[in-house]
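These are the residues of each chain, in order.
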Amino acid sequence: MPISGSFAGSSSMNRRLFLTATGALSLSAALSACGGGGSDDSSAAADPVGQADIDKAMKTPTELTFWTWVPNIAKEVALFEKKYPAIKVKIVNAGQGTPQYTKLRTALKAGSGAPDMVQIEYQAIPTFTITNSLLDLRPYGASALKEQFVDWTWGQVSGSDGEVWAIPQDTGPMGMLYRKDIFDKHGIEVPGTWDEFAAAARKLHKADPEVFLTNLAANQPAAWHGLQWQAGAKPYVTSGKSDITISVDDAVSRKLGEYWGGLAKEGVIGVEPDFTDAWYAALNKGKYATWITAAWGPVFLSGSAKDTAGKWRAAPLPQWDTAKPSSGNWGGSTTAVIRSTKNPIAAAMFAQFLNTDPASARMFATEQFFFPATKSLLTDAEFVGEASSFYGGQKVNQLFADIGSTVNASFQWPPFLDQAATDWTETVGKSLADKTDPVRALGTWQSRLTTYAKDQGFTVKGG
């Protein structure tokens, strides 16, 4: 999914709300509860479920509850129910992203009211695995699906001990959309490197002070993490249940801070909040000549900036090292199964079917316009060969499919995502908006996150 969840454009939950959302169950308490072994230790893979048991479960009348914010997903669910008529799926929209996660934490703490399956973004998975809330899908055959998905997505849903916590549904490899007419008018070449991008930003704004090459939203921690991802940063590295290395102000991140902070201070890029009325208007009137976005961006933009149809094109992100093309990811979600489900076989089979059945996967790409996670669709001639009139007949899907192969598979998220997002917005984001010093703000972000993690019982390195 594109702009949902804890990384939506507006501010994320603050620390008090985060703790309230967990039902006053602190992470330190959760860590303690998760630390034991025995049969309740989800790090140990359960025995595979036999085909006879699967067949029996799928023929037994059962009702499953699925929390999801995906519009019109009943069409995909109907395909599952047609194949398994004994299973009925109740679809519940409990909110998009963070509001849903808040309700889920409350239900998990109460011990009732949680769904069987849940829509969950990649970055939110560690927040729920740290509390043993998700079912390891390996015993239900999920491991055999690995080769069907883009490599980096499987890394996002896998645990340190090989667990499969969810099934990928869609992705958001990052690229750049640009106004060809504005580039042509001012003699600007599509930048292949970030140095060229900076030079273009200065040239364009000097030629027309009313136009900026891009806008780096000061309220968008998702985009920042995506840029860290592309640059090779590893802001979070977890080990086991309670060890984490926090490096949000490492050398790579400081390079980003100096780069973007410098352009903001020069006044050659915008830093206004995105996904606001003012931002939409700016895109329509040509205030910004590029949008650094993700694979869901082309469809989103075509609906939000209709007045500019035919003027846009797509390109990969500028590179730090052209010899090693890379990108980050922004957005995308999965289907996970809640560990407390009373119907684990049926729920696990649903999660797998929804995202691997050819008809269902294609429907997500053509009905909801999600960017696929399956290799089959990303090499499908009809999908990648589609020419978009909004982008001058360019085969945008092919471009982003190619970009997806350059996303690093090792990037990790913290088990306290909302706190990381809030702290970024109040430190680095604020420094961009105020045009002060993002590098110094990175140090403050590092310090705040380190203190928070230690307060929650984590053993922290790097801070």
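About the criteria used
- Residues numbered from 1 in each chain as written.
- Predicted model: local features only at pLDDT ≥ 70, side-chain atom pairs only at ≥ 80, totals over all residues.
- Heavy atoms only, no water.
- Helix = DSSP H or I, 4+ residues; strand = E, 2+ residues; numbered from the N terminus.
- Rg over C-alpha atoms; globule rule 2.2 N^0.38 Å.
- Buried < 20%, exposed > 50% of the residue type's maximum accessible area, 1.4 Å probe, protein only.
- Contact = heavy atoms within 4.5 Å.
- Areas by Shrake-Rupley, 256 points an atom, 1.4 Å probe, with all protein chains shown as cover.
- Lys, Arg positive; Asp, Glu negative; His and termini not counted.
- Charge placed at Lys NZ, Arg CZ, Asp CG, Glu CD.
- Pairing = 2+ DSSP bridges.
- Axes fitted to C-alpha atoms, helices over the stretch in contact; angles between N-to-C directions.
- Core = buried A, V, L, I, M, F, W, Y, C linked by side-chain atoms within 4.5 Å.
- Phe/Tyr/Trp six-rings, centres within 6.5 Å; stacked < 30°, edge-to-face > 60°.
- Lys NZ or Arg CZ within 6 Å of the ring centre and 35° of its normal.
- Parallel < 35°, antiparallel > 145°, perpendicular 65-115°, else oblique.
- Nonpolar A, V, L, I, M, F, W, Y, C, P; charged D, E, K, R; others polar.
- Left-handed = near helix turned anticlockwise from the far one by under 90°.
- Salt bridge = Lys/Arg side-chain N within 4 Å of Asp/Glu carboxyl O.

In the nomenclature of an unreviewed UniProt entry, the protein is known as Sugar ABC transporter substrate-binding protein of Streptomyces plumbiresistens.

Asker: For this particular structure, what's the right way to read the overall build of the protein?
Answerer: If you tally the helices and strands in the protein, you get 20 helices and 11 strands. What you see for the protein is a C-alpha radius of gyration of 22 Å, in line with the 23 Å of a compact globule of 463 residues. Dimensions of the protein along its principal axes, counting C-alpha atoms only, are 70 × 50 × 40 Å. Of all 463 residues assigned to the protein, the portion counted as buried reaches 56%. Put simply, of all contacts in the protein between residues at least 6 apart along the chain, 77% involve residues at least 24 apart. With an accessible surface of roughly 18000 Å², the protein has 52% of that area assigned to carbon and sulfur atoms. Charge centroids of the protein, computed over 42 positive and 45 negative side chains, lie 3 Å from each other.

Asker: Sorry if this is basic, but what is going on with helix α10 (residues 221–231) here?
Answerer: Residues spaced three or four apart along an α-helix point in a common direction, a consequence of the helix completing one turn every 3.6 residues. Extensive coverage of α10 is indicated by the burial of 11 of its 11 residues. Among all positions of α10, only P221, A222, A223, W224, H225, G226, L227, Q228, W229, Q230 and A231 are buried. Note on α10: the residue one or two positions beyond its end, G232, has a positive phi of about 95°.

Asker: Help me out: how do you make sense of the sheet that holds strand β5 (residues 174–179) in this one?
Answerer: Sheet strands associate in pairs through backbone hydrogen bonding, adopting either a parallel or an antiparallel arrangement. The 3 strands lie next to each other as β8-β5-β9, forming an open sheet whose pairing is antiparallel. Edge positions in the sheet fall to β8 (290–294) and β9 (312–316), since each of these pairs with one other strand and no more. Each adjacent strand pair in this sheet contributes to an overall mean axis angle of 30°, direction not counted. Alignment of β5 against β9, held across 5 bridges, turns out to be antiparallel. Among the inter-strand pairings, M176 is bridged to a residue of β9, identified as A315.

Asker: Please explain unusual backbone geometry as it appears in this structure.
Answerer: Both trends apply: most residues other than glycine have a negative phi, and most peptide bonds are in trans. Positive phi, normally seen in glycine, also occurs at F275, with a value near 60°. As for its placement among the helices and strands, F275 is situated in the loop between α11 (251–266) and α12 (277–285). Even without glycine at this site, K435 takes up a positive phi of about 55°. Take K435: it is sitting in the loop between α19 (417–434) and α20 (438–455).

Asker: Would you explain the nonpolar core in this entry?
Answerer: Within soluble globular proteins, side chains that are nonpolar tend to cluster in buried spots. In this structure, W224, W260, L301, F400 and W445 are the most contacted members of the largest nonpolar core, which totals 88 residues. Contact partners of F400, with chain neighbours within four places excluded, come to P173, M174, G175, L177, A294, A295, P298, A314 and F371. In this structure, A57, M58, F128 and F353 belong to the second largest nonpolar core, which totals 52 residues.

Asker: What's the story with the pairing of strand β6 (residues 236–239) in this structure? I'm lost.
Answerer: Put simply, side chains in a regular strand alternate between the two faces of the sheet. By the bridge criterion, 4 bridges tie β6 to strand β7 (residues 243–246) in an arrangement that is antiparallel. Each residue of the ladder has a partner; that of V237, found in β7, is T245. A loop of 3 residues connects β6 with β7, the two strands running antiparallel in sequence, and G240 in this loop sits at a positive phi of about 70°.

Asker: I'm lost on the packing of aromatic side chains in this one. Help?
Answerer: Given two aromatic rings, their pairing is described by the distance between the two centres and the angle made by the two planes. Summed over all chains, the structure comprises 40 aromatic pairs. Look at F275 and W279: their rings are 4.8 Å apart centre to centre, the planes differ by 55°, and that puts the pair in the tilted class. Like W279, F275 is buried. On the basis of an interplanar angle of 70° and a centroid distance of 5.2 Å, the ring pair of W279 and W291 is categorised as edge-to-face. You can see W279 sitting in helix α12 and its partner W291 sitting in strand β8, a full 12 residues away along the chain. What makes W279 buried here is its relative accessible area of 2%. Pairwise contacts between aromatic rings join F275, W279, Y280, W291, W296, F300 and W330 into one cluster. Between K255 and the ring centre of W320, over which it is positioned, the NZ or CZ distance is 4.4 Å.

Asker: Would you mind going over the packing of helix α9 (residues 194–207) against α11 with me for this structure?
Answerer: The axes of two packed helices give the description: the angle between them and the distance between them. Where α9 meets α11, the closest approach of the two axes is 11 Å, and the angle between their N-to-C directions is 5°. In terms of their interaxial angle, α9 and α11 are classed as roughly parallel. Residues W194, F197, A198 and R202 of α9 form the contact with α11, whose own contacting residues are Y259, W260, L263 and E266. Here the residues of the contact of α9 with α11 are counted per class, giving 6 nonpolar, no polar and 2 charged.

Asker: Sorry if this is basic, but what is going on with the environment of A441 here?
Answerer: Note that A441 resides in helix α20. Residues A441 and G457, spaced 16 residues apart in sequence, show a C-alpha to C-alpha distance of 25 Å. If near-sequence neighbours (up to four positions away) are discounted, A441 is found in contact with T427, V428 and S431.

Asker: Which parts of the structure should I look at to understand the packing of helix α4 (residues 74–83) against helix α14 (residues 344–356)?
Answerer: α14 packs onto α4 with a crossing angle of 125° between their chain directions and a minimal axis gap of 10 Å. Comparing their axes, α14 and α4 come out oblique. For the pair α4 and α14, the sense of crossing is right-handed. Where α4 abuts α14, its residues E76, V77, L79, F80 and K83 lie against A346, M349, F350, F353 and L354. In terms of residue class, the contact of α4 with α14 is built from 8 nonpolar, no polar and 2 charged.

Asker: Where do I start with the pattern of salt bridges in this structure?
Answerer: Where charged atoms from two side chains of opposite charge come close, those side chains can pair. On inspection of all chains with the given rule, the structure shows 15 salt bridges. Between K75 and E367 there is a salt bridge whose closest N-O contact spans 3.1 Å. You can see K75 sitting in helix α4 and its partner E367 sitting in the loop between α15 (358–366) and α16 (375–378), a full 292 residues away along the chain. Note that E382 and R362 form a salt bridge whose closest N and O atoms lie 3.9 Å from each other. Linking E382 in helix α17 (residues 381–384) with R362 in helix α15, this pair joins segments that are 20 residues apart in sequence. Among the residues examined, E382 registers a relative accessible area of 62% and is labelled exposed.

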